[in-house]
Each structure stands twice: as structure tokens, then as C-alpha cells.
Amino acid sequence: MAAMSADQILEALDPEQREVASALHGPVAVLAGAGTGKTRAITHRIAYGVRVNAYNPQSVLAVTFTARAAGEMRTRLRGLGVTGVQARTFHAAALRQLSYFWPQVIGGQIPELVKQKAPLVGRAARDAGLSPDRLTVRDLAAEIEWAKVSLVDPADYAAKIARLGRPSPANLPATQVADVMRAYEDAKTDAVVLDFEDILLMLADIVGRFPEVGDQIRRQYRHFVVDEYQDVSPLQQFVLEQWLGGRRELCVVGDPAQTIYSFAGASPEHLLQFTRTYPDATQVRLVRDYRSTPQVVRLANELMRKRGAGGLGVELVAQRPTGPAVDYRAYDDDESEAQGVVAAIERLIATGVPAREIAVLYRVNSQSEAIEEALAERGIGYLVRGGQRFFDREEVRKAIVLLRGAAVAPDERPLGEKVRDALGELGWAEEPPAARGAVRERWDALQALVNLADDLAADTGDGATMRDYVEHLAERAQAQHAPAVEGVTLTSMHAAKGLEWDAVFIVGCSEGLLPITHAETDEQLEEEKRLLYVSVTRAREHLALSFARSRKAGGKGTRKRTRFLEQQWPDARPPRAARKPTSEKLADLGPEALRLYDTLKQWRLALAQETSKPAFTVLTDVSLVEIARDRPATLGELARVSGVGASKLDKYGLQILEIVAED
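None of these values were measured; they are calculated from a predicted model.

Caption draft 1: Structural context of the domain arrangement of the chain. Per the domain assignment, the segments making up the chain are domain 1 (6-102 + 199-286), domain 2 (112-191), domain 3 (327-388 + 482-548), domain 4 (391-480) and domain 5 (582-662). Distance from the C-alpha centre of domain 2 to the C-alpha centre of domain 3: 33 Å.

Structure, rendered in C-alpha cells:
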């Protein structure tokens, strides 16, 4: 595939994305709403910079928060004809640097990374005088991680959580938790191991103690891009500042409305304060939502309308055609909810929606059990995200060994045929097995490898070899970028971030689950609302929200739907017949609003005569009344008006805003 020219790179973007791509020199802040093409914008920015010789690809470091996102970025850059750019997670980039410099300045090899904290945390807790159970150990491990990424020393821990109003894990005294933290560090030292957070801490320490290390890193990397910047922790921000060394070639991309990891140390403050840190920074807002239908976008905007201090998020403007209405359902109990959701999934599959394009999202993992049982009863395949990783599955590891062997032998057949033959030795067949459970899951995993081969062959015009395919698998395995498995995805709302499906079912939309019971402060409740916002914006076309009134059949039905959807739930709205007619709405307008309404009617009449169309086809009276009443000042505000969809926004939006402004 021929590399795109600089002009072609820019022509592929919308005006706001083009503004991002053209802002080649930092500092640059991109506020990117869900589905607005942020990855497209920043990869095109890098490609454009390389094409006009503003960047050397090897001097660009793009950091993301998941290996999957980093792999996606590398794939897109290759598609734009750009190679050599380092796209990695914070930890992967830091580990690479730490592994290189450690032997030079410390000596010897970098200590082994501990795979599981729990045994060391358990030992540390016992050394601190505790007798912890499994759940306490898990909570202590999470608190140790939070303290380290938040740069909180054990000596300052008690005072810090008191200032934040953060409860200590397992209701333990804060001083005792600090003792566990110290004992944990001692246990790691004795075992000569590092944990995940140490990668960043050790790199920061080496850069601080050995100036030549920082100088070498800065000579290598001159341009930095940080994706999902709303999720950076104080520790990650500190490492980023060391990489920069006071320079300004930094582009950050994020959406404060998608901050859902505050409990783990993430903070949107660095993004929100970016223009204070860099008063001359270029700031671009991406608002055109290419992912979701207007119905989904409208709910997302309503959820985040009251953004509070800091102006969290952006007002999305839907670009897709209209779709089905958002579905709201209340069920008697959890089992009924699971059965109802799966019945709806079955209907979607019957209409042609692939099972892999359907997801069920829930707040806590225990909610998946009833959904799994209902799917199994109906013979519908599913994949639970957060279980065993795809490339760690035994059948996948065996398949890759077979495929490597097949890549050595000369064979002129098409790639898909060769892959099918190789996987046949593991029991793969064209038709899936009738059995469910582990047998079907095994076939689904092998079928995903077959589909991946077909996709690669299609992308290269049947020019891909088996060696190309094996190398592609190796890169995906390193990045843990699993191929899509044919089956409905079951995942927590947190794990759904960064993903999207044609159809999304959000279950358990009730008080106690959403918001979760332990969310008590205003900040925690706002984060729960943002979690719902992130979940809603995963849906491209079909979106269904539901809750069960009781946990078990025959229960009292004391559960209430979530407060976050109180205004959107159908029975909370007045029936259409009860809504005010236009004449009554006009009577509610003041003199200034009536004057604006008349001006808008004159504009509409002139436009209708010019195009020889009825006036109501431009905008209805109801729409004009709402515009006159609300006086929208931006396209996002105008998009809230009844009857103003994406096409009318494009045709008339700027004219209407000009009329309102002049009035």
C-alpha cells in the first residue's frame, strides 16, 4: 500500500481533526469526546509530521494506557505508511528504558518482576501484626498500588487519606496500613523483585540520580503524545515531566468525562490544568461523534449535562443517521432480567447482528453468572472479558507452534487455506461443535485465528504469507491484542472502556449497583455517573438499559432504578398527549424570546421559498420555540433542540447561531 501524501493525510480528516493534525508543535491539548476519532486524529498528526519532515519517526514516543491501544496505534501508523514510531504503554516504555540503563548505572540485570502481589502482601500484613483473610490482602494490595502511583510515602499515608476523606482498607487503622506498606517493601527487597509500580519509580529514580540517563532519553525522544491523559497518575505525570526535561513538544489527548479510575490514582486535573501550565497551548475540541446514533448521543449528553466545576467533557454532536430508540426495561428479579436480555440478544442475532458485536455490561463481576446461564441455555456463545487472556490459552499456544512450523515449509496455497489445514490438527473444523462450554470455547478461539488470517489476506490483497501471519500473531501476543472471538461479550463497565459494539446491554441499573453502595461522597457519585456515561457511549446503534426490582424470584421488589436515569426512564416523562401544544409554549415565552421566534420564522420562510419546500421541512415550530427559549450559543447546545439532527445541524446550524447571536 502506497504511503499517503501530506495533503491526503489532512484530507482524510474533519475540520477539528485536521486542526489537531496541523498543530505539529506543542504544547497541544485535545479534548476528545467519546467516538470523535481521537486515535485517528493523533495518528494522522504523527504521520503528517513525518511526511512534512517535522518529525523523525524514531524521535516520537506515543504513550497509551493499554497494550491493545498501543497495538492499534502502531497498526494505524503502518497503514499511513509510517514505521519507527514508539507507541507503548507508560509501563512498557519505562521498562524498556529501565532494562537498557540498569546494567549501565546500577550493574547486573534488572530484578525479576513479581507476577502476583498477594503472597508478599500477605507476608507483610502478618509481619505488621495482622491475620488477614484473602479479601483483606486484596484490598491492601490495591491500597499499596494507589499509594505508590499517587507518590504517597508510608510516613505521610495517614495524614494524606485524612485530607482526602479516603477510607483505609478493611477499616484498618491508617497507621497499621502504613506499617504493612513498609513491610511489603522490605519483603520485596528480601525477595529481590520489583512490582509493576516500581518500573516507573525506579526509572524516575535513575533519571534523577544519573543526569546522563535523562540526557540520553531526551536526545532519543523529542516529541511526545499522551493518549487518555485524563487517566494519568501523579507518578506517570512525574515520569512524563522527566522525559520532557522542560521541553514543550507535548500533545495530550483526553476526555475528563471518561475519568473512571480515580480510585486507582487517576486524575483529570493534569488535563484540566493543561492550559494553566502552558498558557499559550493550542486547544482543540473534538465533538463530532462518528460512533453512535443520535439516540445514544442524546442520552450521553443528558447524563453529562451538569458537568460541575472544570467544565468536564464535551457536548457530542451525532454524525450517524438516526437509529432505534434507547430501550429501558424493569424486571421482577435478576433471573427475569437475564432471560429478558438474552431473549433480546437472540432477536438481534436473528436480524443479522453478529454475536461478537453484542456486549452485556455490568457494574460488578458477580452479575455475569445469571447472564452466562441464560446464554448457555439458548446455545449462544459468549466470552467473559477479564478471564484467561487469549494468547495464554493452551489451544492458542499450541496453534501458534503449529503455525510457526507451517511457515517454514514452502507452500503456494492461499493463506486462509494453509491456516485452516494447520489448525485442523488441533481439531478445528468448518462447523462449530454442538456442545457448549469448554469445547465450544476452544473452537471459538481457533476460529478467531482463522478469521484473523482471512482479514490479513483481505487487507494485503492475498499477498500475505504464512510468515507474515506468524509475525502478525507474535506482535499481537506481545501487545495482548486478542482477535475478536465469535460470541457475546460479557464485561464489567470499567473493562469496557476503549471498546465499542453495535449493541450494548447495560444491566443492573439500580441504586446500590449504579451508583455502587460504597459511593458516598459527591466525587464518588460523579465518578459513578461518568462510568455510566462511558458504558452508554460504547454502543453504536442498539442500547438497552435494565434493572431488576428484587434479587430473587418472589422477592419484595425494593430495588429502585438508578438516580442517574430518573429523568430519562419512560414513565418519568409526561405522555406525549399531555405535553404542551405549540400555542401554549409560545404563551410561555417572554417578549425577547418572542421577537427571536419571529425572526427565526422569517428566516425559515425565506429559506423554504428559496428551496421550494414547505416551511416545516426546514424546522418545525416546536424547534423554533425551543431555540428562542434556550438561545443556544454552540452547535452542541443547538443539537439538544428537538428536531435538530446531524443533517440539519450541518445545513442550518451556523445560520441559526448567527441569528441568535445577532438578536
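After presenting the structure, the write-up continues.
Caption draft 2: Examining helix H12 (residues 234-244) more closely. In terms of burial, H12 is a largely internal element, eight of the 11 residues being buried. Along H12, the positions that sit buried rather than exposed are Leu235, Gln236, Gln237, Val239, Leu240, Gln242, Trp243 and Leu244. Looking one or two places after H12, you find glycine 245, whose phi comes out positive at around 60 degrees.

Caption draft 3: Seen up close, the sheet that holds strand E12 (residues 358-362). Spatially, the six strands line up as an open sheet ordered E11-E16-E15-E12-E14-E13, and their pairing is parallel. Every interior strand has two partners, whereas the edge strands, strand E11 (327-333) and strand E13 (382-384), have only one. Here the strands of the sheet are splayed against their neighbours by 20 degrees on average, with no regard to which way each runs. The pairing of E12 with strand E15 (residues 501-506) spans four bridges and is parallel. Bridging from a neighbouring strand, leucine 361 pairs with isoleucine 506 of E15. Against the sheet, helix H16 (residues 334-350) contacts E11, E12, strand E14 (488-492), E15 and strand E16 (539-550), and its axis sits at roughly 140 degrees relative to E11. Docked against the sheet, helix H22 (residues 522-536) engages E12, E15 and E16, running at close to 135 degrees with respect to E16.

Caption draft 4: Representation of helix H4 (residues 67-79). Over its 13 residues, H4 runs 18 Å from end to end, which matches the ideal 18 Å to within 8%, given 1.5 Å per residue. Taken residue by residue, H4 has Ala70, Gly71, Met73 and Leu77 as its buried positions. Each buried residue of H4 sits inside an arc of 160 degrees when the element is viewed along its axis, so together they form one side. Structurally, H4 contributes buried residues whose contacts are with helix H3 (38-51), strand E2 (60-64) and strand E3 (86-89). Note on H4: the residue one or two positions beyond its end, glycine 81, has a positive phi of about 80 degrees.

Caption draft 5: Highlighting the sheet that holds strand E6 (residues 223-226). Here we have six strands laid out as an open sheet, ordered E3-E2-E6-E7-E1-E8, and parallel in their pairing. The sheet is open, and its two edges are formed by E3 and strand E8 (282-286), each paired on a single side. Direction aside, neighbouring strands of the sheet carry axes that sit 15 degrees apart on average. Relative to E6, E2 runs parallel, the two being bridged by four bridges. Residue pairing for E6: leucine 61 is matched across the bridge by phenylalanine 224. Relative to E6, H12 is tilted by about 160 degrees, and along the sheet it contacts E2, E6 and strand E7 (250-254).

Caption draft 6: Representation of the confidence of the model for the chain. Within the chain, residue pLDDT values average 87, and 93% of them lie at 70 or more. Here helix H23 (residues 582-587) stands out as the least confident element of the chain, with mean pLDDT 66; E15 is the most confident, with 97.

Caption draft 7: Region of the structure containing unusual backbone geometry. That bond from leucine 514 to proline 515 is cis: its omega, 5 degrees, falls within 30 degrees of zero. In this structure, proline 515 sits in the loop between E15 and H22. Although it is not a glycine, leucine 151 adopts a positive phi angle of roughly 60 degrees. Take leucine 151: it is sitting in the loop between helix H7 (134-149) and helix H8 (157-164). With a phi angle near 45 degrees, arginine 631 is a residue other than glycine that sits in the positive phi range.

Caption draft 8: Looking closely at the nonpolar core. Grouped together as the largest cluster of nonpolar side chains are 71 residues, with contacts concentrated most on Trp243, Ile506, Leu532, Val536, Leu543 and Leu545. Both domains that furnish three or more residues to this core are identified here as domain 1 (6-102 + 199-286) and domain 3 (327-388 + 482-548). Non-local contacts of leucine 532, meaning those with residues more than four positions away in its chain, are made with Leu303, Met493, Ile506, Leu514, Leu545, Phe564 and Leu565. Ranked by size, the runner-up nonpolar core spans 32 residues in total, among them Ala6, Ala21, Leu24 and Leu286.

Caption draft 9: Representation of the packing of aromatic side chains within the structure. Within this structure, the stated rule accounts for 11 aromatic pairs. Judged by centre distance (6.2 Å) and plane angle (10 degrees), the rings of phenylalanine 224 and tryptophan 243 are stacked. Taken together, the positions of phenylalanine 224 in strand E6 and tryptophan 243 in helix H12 put the pair 19 residues apart, joining distant regions of the chain. The pair formed by phenylalanine 224 and tryptophan 243 is uniform in burial state, with each residue classed as buried.

Caption draft 10: Fine view of the pattern of salt bridges. As enumerated under the stated definition, the model contains 39 salt bridges in all. Here lysine 188 and aspartate 198 are joined by a salt bridge, their closest N and O atoms 2.6 Å apart. Of this pair, lysine 188 sits in helix H9 (residues 174-191) while aspartate 198 sits in helix H10 (residues 196-209); the two residues are 10 residues apart in sequence, bridging distant segments of the chain. Look at aspartate 198 and you get buried, because its relative accessible area is 4%. Among the ionic pairs, aspartate 215 bridges to arginine 218, the shortest N-O distance being 3.8 Å. Here aspartate 215 and its partner arginine 218 are both found in helix H11 (residues 211-220), three residues apart, which amounts to about one turn of the helix.

Caption draft 11: Representation of empty space enclosed by the protein. Applying the stated criterion across every chain, the model contains one cavity of 30 Å³ or more. If you add up the space inside the largest cavity, you get close to 30 Å³. For the largest cavity, the full set of lining residues is Leu61, Gln86, Arg88, Ala93, Arg96, Gln97 and Tyr221. Elements with a contribution of two residues or more to the lining of the largest cavity: E3 and helix H5 (90-105). With three residues, H5 is the largest single contributor of residues to the lining of the largest cavity. For the lining of the largest cavity, the residue count by class is three nonpolar, two polar and two charged.

About the criteria used
- Residues numbered from 1 in each chain as written.
- Predicted model: local features only at pLDDT ≥ 70, side-chain atom pairs only at ≥ 80, totals over all residues.
- Heavy atoms only, no water.
- Domains from an automatic or database assignment.
- Buried < 20%, exposed > 50% of the residue type's maximum accessible area, 1.4 Å probe, protein only.
- Helix = DSSP H or I, 4+ residues; strand = E, 2+ residues; numbered from the N terminus.
- Pairing = 2+ DSSP bridges.
- Axes fitted to C-alpha atoms, helices over the stretch in contact; angles between N-to-C directions.
- Contact = heavy atoms within 4.5 Å.
- Expected span 1.5 Å × (residues − 1).
- Arc of directions from axis to C-beta.
- pLDDT = per-residue confidence, 0-100.
- Core = buried A, V, L, I, M, F, W, Y, C linked by side-chain atoms within 4.5 Å.
- Phe/Tyr/Trp six-rings, centres within 6.5 Å; stacked < 30°, edge-to-face > 60°.
- Salt bridge = Lys/Arg side-chain N within 4 Å of Asp/Glu carboxyl O.
- 1 Å grid on protein atoms, 1.4 Å probe; cavity = no way out; pocket = protein on both sides within 12 Å on 5 of 7 lines; lining within 4 Å.
- Points joined across faces, edges and corners; volume = space filled by probe spheres on them.
- Nonpolar A, V, L, I, M, F, W, Y, C, P; charged D, E, K, R; others polar.

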